[in-house]
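Summary of the model geometry
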Amino acid sequence: MLRRALLQASSRCRFSSSSSSSLLLAYRRQCSSSSSSSQVPEDHFVEQSVDTPQTPPSATISIDRSALYHPPDHSHEPTADSELVKHLKNIIKFRGGPITVAEYMEEVLTNPKAGFYINRDVFGAGGDFITSPEVSQMFGEMIGVWTMCLWEQMGRPKRVNLVELGPGRGTLLADLLRGASKFKNFTESLQIHMVECSPALQKLQYQNLKCLTEDGTDGNTDKRCISTIAGTPVSWHMTLEQVPTGLPTIIIAHEFYDALPVHQFQKASRGWCEKMIDVTENSSFRFVLSPQPTPATLYLMKRCTWAENKEIAGLDHIEVCPKAIDLTQEISNRIGTDGGGALIIDYGLNGIVSDSLQAIRKHNFVDILDDPGSADLSAYVDFAAIRHSAEEVSADVSVHGPMTQSQFLGSLGINFRVEALLENCTEEQAESLRTGYWRLVGDGEAPFWEDPDAPAPIGMGTRYLAMAIVNKKQGIPVPFE
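The name given to the chain in an unreviewed UniProt entry is Protein arginine methyltransferase NDUFAF7, with the source organism recorded as Sesamum alatum. Per its UniProt entry, the chain bears the Catalytic activity (unreviewed entry) comment "L-arginyl-[protein] + 2 S-adenosyl-L-methionine = N(omega),N(omega)'-dimethyl-L-arginyl-[protein] + 2 S-adenosyl-L-homocysteine + 2 H(+)". Per its UniProt entry, the chain bears the Sequence similarities (unreviewed entry) comment "Belongs to the NDUFAF7 family."

For the rest of this paragraph, the subject is the overall build of the chain. Along its length, the chain carries 17 helices and 20 strands. Put simply, the chain has 481 residues, and 54% of those count as buried. When the accessible surface of the chain is summed, it comes to about 23,000 Å², and 51% of that surface belongs to carbon and sulfur atoms.

A few words now on the pattern of salt bridges. This structure, assessed with the given rule, holds 14 salt bridges. Measuring nitrogen to oxygen at the nearest pair gives 2.9 Å for the salt bridge that ties R95 to E103. Given a relative accessible area of 46%, R95 falls into the partly exposed group. The salt bridge partner of D382 is R303, with a shortest N-O separation of 2.5 Å. With D382 in strand β16 (residues 381-382) and R303 in helix α11 (residues 297-305), this pair connects stretches of sequence that are 79 residues apart. Taken as a pair, D382 and R303 share a single burial class, namely buried.

The 3 strands lie next to each other as β14-β13-β15, forming an open sheet whose pairing is antiparallel. Strands with a single pairing partner mark the edges of an open sheet, and in this sheet they are β14 (364-366) and β15 (376-378). Across this sheet, the average inter-strand angle for adjacent strands is 40°, counted without regard to direction. Two elements, strand β13 (residues 358-361) and β14, share 3 bridges in a ladder whose sense is antiparallel. From the neighbouring strand, I360 faces β14, where its bridge partner is F365.

Parameters at a glance
- Residues numbered from 1 in each chain as written.
- Predicted model: local features only at pLDDT ≥ 70, side-chain atom pairs only at ≥ 80, totals over all residues.
- Heavy atoms only, no water.
- UniProt positions renumbered as here; feature names shortened; annotations may be inferred.
- Helix = DSSP H or I, 4+ residues; strand = E, 2+ residues; numbered from the N terminus.
- Buried < 20%, exposed > 50% of the residue type's maximum accessible area, 1.4 Å probe, protein only.
- Areas by Shrake-Rupley, 256 points an atom, 1.4 Å probe, with all protein chains shown as cover.
- Salt bridge = Lys/Arg side-chain N within 4 Å of Asp/Glu carboxyl O.
- Pairing = 2+ DSSP bridges.
- Axes fitted to C-alpha atoms, helices over the stretch in contact; angles between N-to-C directions.

Take a look at the structure:
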């Protein structure tokens, strides 16, 4: 049954025969010889922001004394606004009007004191959502194969920056380093840079990369952090801009773009209006439409120039992500100047994104405006906008893809890897391997699932897309030939 499932999934994977894949073949041989593992609700929306006079307080005072005699059971539900909710309402109050969806999203996710990502581990089965590296070690290993192949196309530089944007727990890079540990020339060239704004996640990354801190050799330099997995230096930065330039750079952005704040626009009788967030008379959040053009309208106009009229004609909503455009252009400038490439993997569309913003709490979808800071907010990635942004800013880079995650991982040899791991594992490990494999490359519910008490694994192989931006001098990267 498992072999049929593997064949069913792998039939959708495109395999590459590029001459630049000598490392890929070497890795496959290593795998064969070693199998060690390791919409918005209507009641939240009004069409236009309108100043509403405050209702004067009632002159009658009502006192509820029932609790003096019959104390209610203690409730664990919040009885007052959280600090983040107070902060959001204060922004709206002192500004004298609503905030954009992008501002709301950025505060909810990365507010320094109460942002969703800042002070907690939100990944894995015990968190709010699961990402591909947490599904199976094979994902990080395949990203390692892609990185080594690109390094080979770059001419095997002696020093290279390996940057991950939003590394989560650090699982992806830990699996990448373990899988590549036998390729010493590659691992010894790496200078790892983690772009992470969450102190809590930085600590987890330090642990999962098995880092040790060493004093500077001359007594004057900063302490050096070394990942003992492959003896690789590691450093942390708040933004990509802080990562040193001047070296060839490989950038990995896995499920990073989807968390960048989006501006939402809705078609109204007066044209495209930006959707905003305001506070109602009863102090709850609601959506409103801006009565006049906003600064983000410039990005909407830019995005529409990249699309054909027929693509826009049937839409009532459009999302644009200025930070994704700006980040892509920063990446392209760096790659065009220093050499290297970037790999972007995320869920999204190869075209205009309409109304995709969603909130996930404990693996369930919830209302976007419900208890801000307690749920992850994310939106579909506009891969067509990434392509246009990269090509617009630098003539020295080329953009490849997107292709589905299933095609991408299949071309890199995930089928060989899972078969090698299955040769020497327990029944419990085999169950985990086939489940993880299906979630990475499958489409829909796993056909081999037989447990009536647990939901079948859902494949992400066609929902997630992969795109590469590389320096033109290096040719076409594996597996986009």
